Amino acid sequence: MGWCEAREQDPLQDSVYSPIFLALRGSCLYKFLSPPVTTWDWTRAEKTFSVYEIMCKILKDSDLLDQRKHCFTVQSEAGEDLYFSVESDCDLAQWERAFQTATFLEVERIQCKTYACVLESHLMGLTIDFSTGFICFDASTKAVLWRYKFSHLKGSSDDGKSKIKFLFQNPDTKQIEAKELEFSNLFAVLHCIHSFFAAKVACLDPLFLGHQAPASAAASSATVSKAKYTT
């Protein structure tokens, strides 16, 4: 947690920066106007975001919007871009590591996430499961329409509003199969998929896992078992 400067558009100026206090705690990113002191303060954050449904991006010099350096953005589950500036490269690296760690631990904890969606006017559900991949099922009957592993996803695109087109490779025929689903919370779904993929990649990095081992063990011991989607 720590102080950052948030960039906001001002009708009388090109941009204005305001001090805000950011905190990564458990499954959430909190945005405060002043640091939390008591337990009650954590319930009064200006904004709260689920870490696996947002996207943090460290900005290169070519991406900066003005003369300020050491900046990063957070795209919310609603698609809103929040722009932050910190004081040094060290601070920036610390925030990047913190986001990576928080996201990895939360994906590891929840294991799967299901979103409501629509396919050809029918209400469906899409489960993103850390162990098995993607599962699409009928919301009323729970019958599975299709399932693919993460490795079967060869590409995807979205219309920036509600629709995602997935390109999966059939494991038997090796043919590419297109699946298009419509969501009411497009950016949350996109960010969640990215978080699960990032956690999968992190599992292959011994250095990253070595740094996460103590925190992961603590999180696991404090987590009660959760019911998972079964078919």
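Residues numbered from 1 in each chain as written. Predicted model: local features only at pLDDT ≥ 70, side-chain atom pairs only at ≥ 80, totals over all residues. Heavy atoms only, no water.

Where we set the bar: UniProt positions are given in the numbering used here, feature names are shortened, and annotations may be inferred rather than shown by experiment.
The protein chain has the name PH domain-containing protein in an unreviewed UniProt entry, where Pipistrellus kuhlii is given as its organism. What the UniProt record of the protein chain gives under Subcellular location (unreviewed entry) is the line "Cytoplasm".

1. Focus on the pattern of salt bridges
Our working definition: Take a side-chain nitrogen of Lys or Arg and a carboxyl oxygen of Asp or Glu: if they are within 4 Å of each other, that pair is a salt bridge. Here a strand is any run of E in DSSP of at least two residues, a helix any run of H or I of at least four, and the numbering for each starts at the N terminus. For the exposure calls, accessible area comes from a 1.4 Å probe over protein chains only, and a residue counts as buried if that area is under 20% of its type's maximum, exposed if over 50%, partly exposed in between.
Taken as a whole, this structure holds five salt bridges when the rule is applied. One salt bridge in this structure joins Arg7 and Asp66, with 3.0 Å as the shortest N-O distance. One end of the pair, Arg7, is in strand β1 (residues 2-10); the other, Asp66, is in the loop between β5 (55-58) and β6 (71-75), and 59 residues separate them in sequence. Look at Arg7 and you get buried, because its relative accessible area is 17%. A salt bridge links Lys47 to Glu80; the shortest N-O distance between them is 3.1 Å. Taken together, the residues span a long stretch of sequence, with Lys47 in strand β4 (residues 47-50) and Glu80 in the loop between β6 and β7 (81-85) at a distance of 33 residues.

2. Side note on the environment of Ala116
What counts here: Here, residues are in contact when the closest pair of their heavy atoms is within 4.5 Å.
Note on placement: Ala116 falls in strand β8 (residues 112-119). For Ala116, a relative accessible area of 49% gives the class partly exposed. Separated by 65 residues in sequence, Ala116 and Leu181 place their C-alpha atoms 9.7 Å apart. Once residues lying within four places of it in the same chain are set aside, the contact partners of Ala116 are Leu123, Met124 and Phe183.

3. Quick word on the nonpolar core
A general feature of soluble globular proteins is that nonpolar side chains tend to end up buried together. Here is the rule: Buried residues of nine kinds, namely Ala, Val, Leu, Ile, Met, Phe, Trp, Tyr and Cys, make up a nonpolar core once their side-chain atoms join them within 4.5 Å. What marks off one domain from the next here is an automatic or database domain assignment.
Core analysis: the biggest nonpolar cluster contains 31 residues, and Leu126, Phe134, Phe166 and Leu181 have the highest contact counts within it. Breaking this core down by element, the ones donating at least two residues are α1 (89-110), β8, β9 (122-129), β10 (133-138), β11 (144-148), β13 (163-169) and α2 (186-202). Of the residues forming this core, the biggest block, eight residues, is contributed by α2. Three or more residues apiece are contributed to this core by two domains, here domain 1 (2-110) and domain 2 (112-203). Filtering out sequence-adjacent residues up to four positions away, Leu181 remains in contact with Cys117, Val118, Leu119, Leu126, Cys136, Trp146, Ser162, Lys163, Ile164 and Phe166.

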